[in-house]
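For reference, the chains in residue letters:
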Amino acid sequence: MRTFTFAIILIGIFYITKCYSPSSYAWVLKNSFKFENEKTGLILGVPRDIRSDEFAHFTPWTQSVVNNGFKRFNELSVYKEDFRSVFPMPIFDWSMPFKPAMWGYIFLSPPHAYSFYWYLSAASFLLGWAWFLKSIKFSTFSSILISLLYFFSGFVQFWWTNNAGVFAYFPLVLLFTRNYILKNNLTNLVWLFYAQITWMFGLFYPPFIIQFSLLGIAIILAYTEINKVQAVFFAIIGLITAALICGLYLKEELLSIATSPLQGERSFNGGSMQLRQFWGHFLPYINISNFNSIIGSNICEMAVVGTLMPSLLVFFCKKMNLSFSKNILSKKICVLTFAFLIFLAWELLPVPSIIGKVFLLDRVAPNRLGFGSGVLVVLLFYEVFKNANFQMTYLRLGLITIFFGVCHMLFKYNKLLVKIDFEDKIIIGLVIYMTVFTTLQKIFPKMIKKENNKIDSLLLISLVPNIIVFGSFNPLQSTQPIFDRPKNIITEKLDEIQKNQGGKILAIPSSLFGFVGANLVGYGYPSVTHAMLGSRPDFWKKYFFKMEDKKFDEIFHRSAHIVVEASLNEPRVIAPNVIVVPLQVFANEETLKVPLINNVVVKNDNFFRDLNLTQADEHPAVGYIDSYTFDNNILKVEGWIIWNCNNYKKTLAITGLNQKVKNWVAQEVERPDVAKVYGVQYLNVGFRADIIFEEKADDSTNSIKFYTLNNFANKYLKLNVHKNKP
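Counting of residues starts from 1 at the beginning of each chain's written sequence and follows it residue by residue. Per-residue local features of the predicted model are confined to residues with pLDDT of at least 70, and side-chain atom pairs are confined, for both listing and counting, to 80 or more; whole-chain, interface and lining totals are unaffected and use all residues. Think of the side-chain values as coming from all heavy atoms in the structure, minus any hydrogens and water.

Chemist: Just to check I follow, could you spell out the packing of aromatic side chains for this structure?
Modeler: The geometry of an aromatic ring pair is captured by two quantities: the separation of the ring centres and the angle between the planes. Pairing of aromatic side chains requires ring centres within 6.5 Å, counting the rings of Phe and Tyr and the six-membered ring of Trp. Pairs whose planes differ by under 30 degrees are stacked, by over 60 edge-to-face, and all others tilted. For the structure shown, the criterion picks out 73 aromatic pairs. On the basis of an interplanar angle of 70° and a centroid distance of 5.3 Å, the ring pair of F291 and F473 is categorised as edge-to-face. You can see F291 sitting in the loop between β3 (288–289) and β4 (292–293) and its partner F473 sitting in the loop between α20 (455–469) and β5 (476–478), a full 182 residues away along the chain. Both residues of the pair, F291 and F473, count as buried. Summarising the aromatic geometry, the rings of Y628 and F630 are spaced 6.3 Å apart at their centres and angled 90° between planes, so their arrangement reads as edge-to-face. Accessibility here uses a 1.4 Å probe with only protein chains present; expressed as a share of the type maximum, an area under 20% marks a residue as buried, one over 50% as exposed, and anything in between as partly exposed. A residue is classified by how much of its surface remains accessible, and Y628, at 22% relative accessible area, is partly exposed. It is K541 that lies over the ring of F552; its NZ or CZ is 4.3 Å from the centre. Per the convention used, a helix needs a DSSP run of H or I reaching at least four residues, while a strand needs a run of E reaching at least two, with both numbered from the N terminus. Whether a charge lies above a ring is judged from NZ of Lys or CZ of Arg, which has to be within 6 Å of the ring centre and within 35 degrees of the ring normal.

See below:
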């Protein structure tokens, strides 16, 4: 265990020195600010737009705190909002001693401090689980492997970058709770209380707090001999006290959230988890394809702690009695099974919310219980099989290969000839590795140590594909550009618009550059577009003082994204957490002298193959190019694209030309003909653009084609050149 701990420390020194992070902020720098890839700070991997909770909320809020000198209120924002939030912020106040991941801001530069936050969160998770599992008599190697298995699970990796705190300190709470119950002294009580309050400050999000608390109670009951009722009483009192302290600290925001239509009225019934999501515990890659969910909800909402470990243990177990004849009714297995059945019932059965209130599960969406149930699955299978002997044979390999193949065909494919995705290639590679291992075992039996027939070997084998698949979900991103806030032509245009609007406010429609959430505020702009930490009715009353009180409260009394729209005359709520306000309240539309199209790319005909994208296909409902003409080095294009649909980013891709784009200018055009067919929300989807090349361009080969990007499906869609109305 010391070697593992020392390795984590060495990795941390390197990680922080290099200013690394798992942030997807490069998505903002590339798609909104239009920086080239090499200037976004992206080192490895792909920034994920599904991680907008991080790059549009947590990271820009952190930027704003730094910009304000770590004070409580955002004096640089038009809203003057409070930074105290359910998310941990590096505010220099009395909460700082309970936010160890934020201590870097006291001693380090912001880029290094932000890197320290991510490192310490990961280190706390990995070491916390390893130490705790070791304390309950797991072998050192098993403790390390299971810790890594939890970390490189879909649930943890998909949710990590905006929920790291609640994951990071939970195993330390388990460790100190067990130590205190066993030893029952003041020192351990102090450490327990500190761990509890640090965990609460890590992310004070009740659905996760409830789930993790129930999981923790089950694990402590299963692995701890509780002979001292007084110790249990103080442990519970400590947890309640920690929650009350955090509640006192966040009083203003919690009151706002409690009365918000989005949060305050949330109550769930059981049974909303799809059955195939549950099977993801045992077949971790059946619900995703190239990191896209294939079961309807987004990839985070269908995530579980999934691993191949249970399947490997079952198929390669040598003894039919599974080695649990003596301990199948042990306290550990009974408690873990009972807890798992409670989680399972809430996930899959139509349990009324009134029954869920017994365990506070009515506050937790069933499809988000995948962490608790997944942790229990791993512990249960480990307890059942920990003393078993395992053997790889060609017969067993054949059976497990058939099992994986049939399950993946049933869950993922509806025909025999398909393009195998990234996740399934890893499964194939794993089967090949096990086949080679089995062959070597037959040829060189003396080379295979007896220990390789134990459970640790299969834990290691199940860990590798999880590291390859889920470990590549979050990118490796430098924190330098996050806090350096580099300048380019887009920031110049934003500065110009702000100057045109009087210098004290920046109001731009989201359709212009695609800025979302708090990105503009985090970059230092007094933007109306924002992701609010709480409601600010005092601010809105200055602009909508004539609105009747009931309507005003219905619109503005909520934590929400604020979106500016040029075509509106009055504010409205378009989703429980989205308020759209009219531009004209803040500025004249003439102040917006900026390009309409976000990005223009010209590539050769291998464009789609080179980017490893699905081949572009025709999709007439997306839009049409009504006309295009060449004038020396300018391509004039007119048409319409349904760009204000969330799936279509404002990218115009062109193939069939060799010239390099120098710049482009575009303006929005109303298209009542499109609105008549597809709805009034698509009135402003027309555009007229001049695309300027570095040298003369023409279409002498008649091979030019136009495309737009459906970002959700990761597919470029062809735009037909069509002169008729839709």
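Having seen it, we continue.
Chemist: What should I look at first to understand the pairing of strand β7 (residues 561–565) in this one?
Modeler: Within a regular strand, the side chains alternate between the two sheet faces. Of the two faces of β7, the one holding I562 and V564 is buried and the one holding H561, V563 and E565 is not buried anywhere. In terms of strand pairing, strand β6 (residues 530–531) meets β7 through 2 bridges, oriented antiparallel. Residue pairing for β7: A531 is matched across the bridge by H561. Note that β7 and strand β9 (residues 578–582) share 5 bridges and pair parallel. Two strands form a pair only when DSSP identifies at least two bridges running between them.

Chemist: I tried to follow the nonpolar core on my own but got confused; where do I start?
Modeler: When a protein is soluble and globular, its nonpolar side chains tend to lie buried together. Within the largest apolar cluster, 199 residues are counted, with the highest numbers of intra-cluster contacts made by W129, F167, F371, L494, I508, V528 and W540. Element by element, the count of residues in this core is highest for helix α5 (residues 110–135), at 15 residues. Setting aside its immediate chain neighbours within four residues, F167 contacts F125, F155, V156, W159, W160, F212 and F371. The definition of a nonpolar core used throughout is a set of buried Ala, Val, Leu, Ile, Met, Phe, Trp, Tyr and Cys residues joined through side-chain atoms within 4.5 Å. Two residues form a contact once any of their heavy atoms are found within 4.5 Å.

Chemist: Please clarify how helix α26 (residues 549–556) should be interpreted in this entry.
Modeler: Along an α-helix, a turn takes 3.6 residues, which lines up residues three or four apart on a common side. F552, I555 and F556 are the residues of α26 that are buried. Down the axis, α26 shows its buried residues gathered within 75° of arc, on one side only. By definition, the arc is the one covered by directions from the helix axis to the C-beta atoms.

Chemist: Explain the pairing of β9 here, please?
Modeler: The buried fraction of β9 is high, at 5 of 5 residues. Neither face of β9 is left uncovered, since the one carrying V578, V580 and P582 and the one carrying I579 and V581 both have all their residues buried. Pairing of strand β8 (residues 572–575) with β9, which is carried by 3 bridges, proceeds in the antiparallel orientation. Across the sheet, R572 pairs through a bridge with V580, a residue of β9. Adjacent in sequence and paired antiparallel, β8 and β9 are bridged by 2 residues.

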